[in-house]
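Chain and residue survey
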Amino acid sequence: MNHVIVETRDRITRIELNRPEKKNALSPEMYAAMAQALKAADADAQVRAVLIHGQRDCFTSGNDVKDFLELPRGPGDSPAAGFLRAISTARKPLVAAVGGPAVGIGTTMLLHCDLVYAAPNARLQMPFVPLGLLPEAASSLLLPAMAGYRRAAEMLLLGGPFSAEKALAAGIVTEIVPEGELLERARQAAAALAALPPESVRMTKELMKRALAPAVQERMTEELGLFGERLRSPEAKEALSAFMEKRKPDFSRFS
Ligand code: COA
């Protein structure tokens, strides 16, 4: 079964996450396929926009928790790091359609997209702290800049789920679209981008991102190093094992 479907048609590359039985949890192979699709889109002069989506009731539950336990990452050399580098440096405009859960990197990847459409059933969450981890994808830099410190602190420190409405207010989402129209609305936006003068689109994106671009790469590298360390921490082991064992984590023994 192909867990990432990539298709280019009408100047739009569509990246579909397709592992519904695990709520589109992202495996190393899926990260690699997504990175490859983004790089190919950037390299192909025919491609003018990229559309990223899952199913109507699920965007992605984020990194596969089993892999977090079994495949501790080295700093910067994992397929996830490769994907983050590809999405954060993509030159073509990126459109995302988000319905259902968008957890962890499922939310932080949205900070690198240009247009984000969400259905009312979208449930975003960045549970890095509750998992004994810390933010990635330069979200510790981008989210306070995008949403303001107060909102970012709630989302990143408490790490609880939040609605499409809240994501809209925080600037993470462009527009809320009825569930049945979500993919079509995002596709229309990608088509509108694809019909515009491509160089003008690329240059405008680059100009808007330029001020933060070096800081984003620096922060991402720093976070990835720290994230790898946290994955080996007893706090994270307890939190991640608790998820796999379907029990509540117990952090009472930690100081
Ligand atoms: N990694 C590995 N497996 C995952 C997963 C993940 N990130 N998210 C879901 N799954 C698996 C579940 O273990 C379950 O497997 P099973 O059928 O073998 O028991 C299956 O996918 C369905 O998930 P379930 O939790 O029953 O679905 P739900 O609709 O009740 O909840 C979520 C959906 C996304 C809210 C919930 O699965 C969740 O919180 N997942 C973990 C997200 C997470 O912590 N990601 C890492 C972020 S850094």
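Predicted model only: the values in this text are computed from it and were never measured.

Residues in close proximity to the ligand total 16 residues, the closest being Lys22, Ser61, Asn63, Val65 and Lys246. A distance of 2.8 Å separates an oxygen atom of the ligand from a polar atom in the side chain of lysine 22. A total of 870 Å² of accessible area belongs to the ligand in isolation, and the protein chains cover 67% of it. Within the residue set of the shell around the ligand, elements represented by two or more residues are helix H2 (65-70) and strand E5 (101-103). Class assignment for the residues of the shell around the ligand results in eight nonpolar, three polar and five charged.

Taken as a whole and assessed by the stated rule, the structure comprises four aromatic pairs. Arranged with centres 5.9 Å apart and planes meeting at 35°, the rings of tyrosine 31 and phenylalanine 83 form a pair that is tilted. Taken as a pair, tyrosine 31 in helix H1 (residues 28-43) and phenylalanine 83 in helix H3 (residues 79-89) lie far apart in primary sequence, 52 residues in all. Both rings, one in phenylalanine 251 and one in phenylalanine 254, keep their centres 6.3 Å apart while their planes meet at 45°; by these two values the pair is tilted. A relative accessible area of 35% means that phenylalanine 251 is categorised as partly exposed. Taken together, the ring pairs in this structure connect Phe68, Phe128 and Phe227 into an aromatic cluster.

Another point: the pairing of strand E6 (residues 115-118). Taken together, the four bridges between strand E4 (residues 94-98) and E6 define a ladder with parallel strand orientation. Its bridge partner being in E6, valine 98 is matched across the sheet by alanine 118. Two strands pair when backbone bridges link them, and E6 and strand E9 (residues 175-176) are joined in this way by two bridges, in the parallel orientation. Bridge pairing in E9 links alanine 118 to isoleucine 176.

What follows is about the sheet that holds strand E7 (residues 123-125). If you trace the three strands from one edge of the open sheet to the other, you get E5-E7-E8, paired in mixed fashion. The sheet is open, and its two edges are formed by E5 and strand E8 (162-163), each paired on a single side.

What follows concerns the nonpolar core. Ranked by internal contacts, the top residues of the largest apolar core, which has 64 residues, are Phe83, Ile87, Val98, Leu110, Leu143 and Ile172. Among the elements that line this core, the one with the most residues is H1, at seven residues. Leaving out residues up to four positions away in the same chain, leucine 110 has contacts with Phe59, Ala96, Val98, Val116, Leu124 and Ile172. Ranked by size, the runner-up nonpolar core spans 14 residues in total, among them Ala119, Val177, Ala189 and Ala190.

Time to look at unusual backbone geometry. Working note: non-glycine residues mostly have negative phi, and peptide bonds are mostly trans. With phi around 65°, alanine 137 is a residue other than glycine that occupies positive phi space. Secondary-structure assignment places alanine 137 in the loop between E7 and helix H5 (139-147). Given the relative accessible area of 1%, alanine 137 is considered buried. One non-glycine residue with positive phi stands out, namely alanine 138, at about 60°. Mapped onto the secondary structure, alanine 138 falls in the loop between E7 and H5.

Calculation notes
Residues numbered from 1 in each chain as written. Predicted model: local features only at pLDDT ≥ 70, side-chain atom pairs only at ≥ 80, totals over all residues. Heavy atoms only, no water. Near = heavy atom within 4 Å. Polar contact = N/O pair within 3.5 Å; in protein donor to acceptor, adjacent residues only side chain to side chain. Areas by Shrake-Rupley, 256 points an atom, 1.4 Å probe, with all protein chains shown as cover. Helix = DSSP H or I, 4+ residues; strand = E, 2+ residues; numbered from the N terminus. Nonpolar A, V, L, I, M, F, W, Y, C, P; charged D, E, K, R; others polar. Phe/Tyr/Trp six-rings, centres within 6.5 Å; stacked < 30°, edge-to-face > 60°. Buried < 20%, exposed > 50% of the residue type's maximum accessible area, 1.4 Å probe, protein only. Pairing = 2+ DSSP bridges. Core = buried A, V, L, I, M, F, W, Y, C linked by side-chain atoms within 4.5 Å. Contact = heavy atoms within 4.5 Å.

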